Amino acid sequence: DKVFYFDQYVGIGPGVVWLQTGRRAAAVGDVGFAFWFGRNFSFRIGVKDYFFDEQRLVSHGLVHNFVGYLQAGYVFGG
């Protein structure tokens, strides 16, 4: 039959950010909601935060880079 529900999720992990001065290692945090339509279709809305050390011309500093996203998905199998 028809099912609709949602899950909240939180994630943390490593990442890489490419800048004009080269690439930097980053810590990535992810939070959001996943809405499920039936058993296989999903729609996610969330925010990721890339936290890294940015090298500038005369200095450097820690930077937060927030990215919002929407994602549609399909789960194969049972």
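Heads up: the structure comes first, above all this text.
Residues numbered from 1 in each chain as written. Predicted model: local features only at pLDDT ≥ 70, side-chain atom pairs only at ≥ 80, totals over all residues. Heavy atoms only, no water.

## Some thoughts on the packing of aromatic side chains
The cut-off we apply is this: The pairing test for Phe, Tyr and Trp rings, Trp by its six-membered ring, is centres within 6.5 Å, and the orientation test on the planes gives stacked under 30 degrees, edge-to-face over 60, and tilted for anything in between. Each helix is a run of DSSP H or I of at least 4 residues and each strand a run of E of at least 2, with the numbering of both proceeding from the N terminus. Buried, partly exposed and exposed residues are distinguished by accessible area as a fraction of the type maximum, computed with a 1.4 Å probe on protein chains only: under 20%, between the cut-offs, and over 50%, respectively. Lysine and arginine charges are scored as sitting over a ring when NZ or CZ, respectively, is within 6 Å of the ring centre and within 35 degrees of the ring normal.
Using the criterion set out here, one finds 8 aromatic pairs in the structure. An angle of 40° between the planes, with centres 6.0 Å apart, marks the rings of phenylalanine 6 and phenylalanine 35 as tilted. Within this pair, whereas phenylalanine 6 is found in strand 1 (residues 4-19), its partner phenylalanine 35 is found in strand 2 (residues 22-37), the two being separated by 29 residues in sequence. Exposure remark for phenylalanine 6: the relative accessible area of 45% places this residue in the partly exposed category. By relative accessible area, which is 24% here, phenylalanine 35 ends up partly exposed. Every member of this aromatic cluster is reached through a ring pair, and the members are Phe4, Phe6, Phe33, Phe35 and Phe37. The cationic tip of arginine 44 hangs over the ring face of tyrosine 9; the distance from NZ or CZ to the ring centre is 4.8 Å. Above the plane of the ring of tyrosine 69 lies lysine 48, whose end atom (NZ or CZ) is 5.8 Å from the centre.

## With respect to the environment of tyrosine 74
Our working definition: Whether two residues touch is decided by their heavy atoms; if any such pair falls within 4.5 Å, the residues are in contact.
Relative to the assigned elements, tyrosine 74 resides in strand 4 (residues 60-74). For tyrosine 74, a relative accessible area of 41% gives the class partly exposed. As a C-alpha pair, tyrosine 74 and glutamine 55 span 19 residues in sequence and 39 Å in three-dimensional space. Excluding residues that lie within four positions of it along the chain, tyrosine 74 makes contacts with Asn40 and Phe41.

## Observations concerning the side chain of aspartate 30
Filter applied, for reference: Note that His is not counted, nor are the chain ends; the positive residues are Lys and Arg, and the negative ones are Asp and Glu. The salt bridge criterion pairs a side-chain nitrogen of Lys or Arg with a carboxyl oxygen of Asp or Glu, the two atoms within 4 Å. By the criterion applied in these results, polar contacts are pairs of N or O atoms within 3.5 Å in which, for protein atoms, one can donate a hydrogen and the other can accept it, and in which residues neighboring in sequence qualify only through two side-chain atoms.
Here aspartate 30 lies in strand 2. Buried charged residue aspartate 30 carries no salt bridge. Nearest counter-charge: lysine 48, at 4.4 Å. In terms of polar contacts, aspartate 30 uses its side chain to reach the side chain of tyrosine 69, at 2.8 Å. Excluding residues that lie within four positions of it along the chain, aspartate 30 makes contacts with Tyr9, Val10, Gly11, Val47, Lys48 and Tyr69.

Functional significance is not addressed by these values, which are geometric in nature.
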